[in-house]
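In case you want the letters, here they are:
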Amino acid sequence: MNIVEKAAQRHTVKAFDASRKVPDEIIAQLRMLLRLAPSSVNSQPWHFVIASTDEGKARIAKSAEGGYQYNVSKIRDASHVVVLATRAHADEAYLEAVLAQEERDGRFVNEAAKTAGAGARKLFTDIHRYKLKDVAQWYEKQTYLALGSLLLGAAALDVGATPMEGFDAEILDKELGLREKGYTASVIVSLGYSGAEDFNAKLPKSRLPVEQVFTDI
């Protein structure tokens, strides 16, 4: 089955089978997909918290217990839950850390290439820091690129997934100590396998017509 067929079969799981766990080797692949996700100027402004235990999932579920009660079971009954968090600020220390990692990984053939790479990242970062003043939103867009990689990767590996924005980020940030690390929660993804009550698994996928979505020029 090709990747398009996998995408066509993918659906948001509405009820998980709490008795089924995603194998460790598959979770390891999904972790790598998150780490390898693309980001603008390789900014990688994210941090991922993965809960695999009942205790860990309960901590994340606290953020849905208020006005998002409908998401509690999707968190507690999942095999694994991923919190995708985003850096709140673009500070110089972080930019230097990314540059240093690129150098360790052999990204620069010479000092000129290193200077060019650092300059390109600073150029775009400064546009969002000082001109557009939207660095938090720009960074969150990068986190959503990682989300897309995770969802498509899960589908390719026959793992069900449920992305959720229905949670209290302030509660979750406090519970996981994210703000102390310079991050804030953007989206939660539950991973696992459909349960008997997953009505969405039986419904056909619905998308706008091809001619409405695409323009060829």
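Structure: above.
For the structure given in this document, a descriptive report is provided here. (Residues numbered from 1 in each chain as written. Predicted model: local features only at pLDDT ≥ 70, side-chain atom pairs only at ≥ 80, totals over all residues. Heavy atoms only, no water.)

Regarding the packing of aromatic side chains
Next, step 1: Evaluated as defined, the whole model comprises three aromatic pairs.
Next, step 2: Where Y68 meets Y70, the ring centres are 6.4 Å apart and the plane angle is 75°; that geometry is what we call edge-to-face.
Next, step 3: Owing to a relative accessible area of 30%, Y68 belongs among the partly exposed residues under this scheme.
Next, step 4: Relative accessible area serves as the criterion here: at 51%, Y70 is assigned to the exposed category.
Next, step 5: Above the ring of Y193, the side-chain terminus of R20 is found at 3.9 Å from the ring centroid. (Phe/Tyr/Trp six-rings, centres within 6.5 Å; stacked < 30°, edge-to-face > 60°. Buried < 20%, exposed > 50% of the residue type's maximum accessible area, 1.4 Å probe, protein only. Lys NZ or Arg CZ within 6 Å of the ring centre and 35° of its normal.)

Re the packing of helix α2 (residues 24–35) against helix α7 (residues 135–156)
Next, step 1: Relative to each other, α2 and α7 sit at 150°, their axes nearing to 8 Å. By the criterion of interaxial angle, the relationship of α2 to α7 is roughly antiparallel. Handedness of the crossing formed by α2 with α7: right-handed. Judged by residue contacts, L30, L33 and L34 of α2 engage A146, S149, L150, G153 and A154 from α7. (Axes fitted to C-alpha atoms, helices over the stretch in contact; angles between N-to-C directions. Helix = DSSP H or I, 4+ residues; strand = E, 2+ residues; numbered from the N terminus. Parallel < 35°, antiparallel > 145°, perpendicular 65-115°, else oblique. Left-handed = near helix turned anticlockwise from the far one by under 90°. Contact = heavy atoms within 4.5 Å.)

Remarks on the pairing of strand β2 (residues 80–87)
Next, step 1: For β2, a buried count of eight out of eight residues is recorded, marking the element as mostly surrounded by other parts of the structure.
Next, step 2: Pairing analysis gives six bridges linking strand β1 (residues 46–51) to β2, with the strands arranged antiparallel. Each bridged residue has a counterpart across the sheet, and for W46 the counterpart in β2 is T86.
Next, step 3: One ladder, built from eight bridges, connects β2 with strand β4 (residues 183–192); its direction is antiparallel. Note that in β4 the partner of H80 across the bridge is L191. (Pairing = 2+ DSSP bridges.)

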